[in-house]
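So the chains spell out like this:
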Amino acid sequence: MLLERDIDLVIINAPLADETGEQLAKDIATATQVILIVNAQYYDEISTTVEELGIITIAKPINKKMLTTSVKIAYATNKRLKRLEDENISLSQKIDDIRIVSRAKCILIELRGITETEAHKYIEKQAMNLRKTRKDIAQTIIANHGW
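Just so you know, these numbers come straight off a predicted model, no measurement behind them.

A. Geometry of the pairing of strand β3 (residues 56–60). Relative to β3, strand β2 (residues 33–39) is paired through five bridges, and the arrangement is parallel. Pairing of L36 across the sheet is with T57, part of β3. The parallel pair β2 and β3 is bridged by helix α2 (residues 43–50), and the resulting crossover is right-handed.

B. Structural detail: the confidence of the model for the protein chain. The predicted model of the protein chain averages 92 in pLDDT, with 99% of residues at 70 or higher. When the elements of the protein chain are averaged for pLDDT, helix α1 (residues 22–28) gives the smallest value, 91, and helix α4 (residues 116–130) the largest, 96.

C. Structural detail: the sheet that holds strand β1 (residues 9–13). Read across the sheet, three strands follow the order β1-β2-β3 without closing on themselves; strand pairing throughout is parallel. Two strands close off the open sheet at either side, each with one partner strand: β1 and β3. Adjacent strand axes in the sheet meet at a mean angle of 20 degrees, parallel and antiparallel pairs treated alike. Against the sheet, α2 engages β2 and β3, with an angle of about 175 degrees to β3.

D. Fine view of the layout of surface pockets. There is about 260 Å³ of room inside the largest pocket. What lines the largest pocket is a set of 15 residues, among which A29, T30, T32, L81 and E85 lie closest to the centre. Where the lining of the largest pocket is concerned, the elements lending two or more residues are β2 and α3 (64–112). Examining the composition of the lining of the largest pocket, we find that five residues originate from one element, α3, more than from any other. Split by residue class, the lining of the largest pocket holds six nonpolar, six polar and three charged.

Thresholds, definitions, all that
- Residues numbered from 1 in each chain as written.
- Predicted model: local features only at pLDDT ≥ 70, side-chain atom pairs only at ≥ 80, totals over all residues.
- Heavy atoms only, no water.
- Pairing = 2+ DSSP bridges.
- Helix = DSSP H or I, 4+ residues; strand = E, 2+ residues; numbered from the N terminus.
- Right-handed = clockwise from strand over helix to strand, strands pointing away.
- pLDDT = per-residue confidence, 0-100.
- Axes fitted to C-alpha atoms, helices over the stretch in contact; angles between N-to-C directions.
- Contact = heavy atoms within 4.5 Å.
- 1 Å grid on protein atoms, 1.4 Å probe; cavity = no way out; pocket = protein on both sides within 12 Å on 5 of 7 lines; lining within 4 Å.
- Points joined across faces, edges and corners; volume = space filled by probe spheres on them.
- Nonpolar A, V, L, I, M, F, W, Y, C, P; charged D, E, K, R; others polar.

Below is the structure:
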């Protein structure tokens, strides 16, 4: 189910029929936020091994307030991680755009004998005139000159 859709939180009430629940929590922690509920006698041992993966561990017996608080913490953590992932993707795209534009500027400098400032202005002017992004113009320059 995790492969088919985006799930924000999984709560595992351990032990499971065929394992302690610890391995399942570790396996899915990269895809979603996990709360692992374990017997009190195993809490210290299990929480030590799973907390580095961001898994929230709760010792049994639990009450409604403890579970509600844990779910709220997991939800807040998940939202923050998703926001950071989105920022990371955005920054990676910006870096990629800058790299492509810089490469196109180098081509213009090399082939036309112009300065970096002139190459920059040329790409910006073309982008404005053709209503395209600077990255699109840069990709066209790179493609046209076989670099």
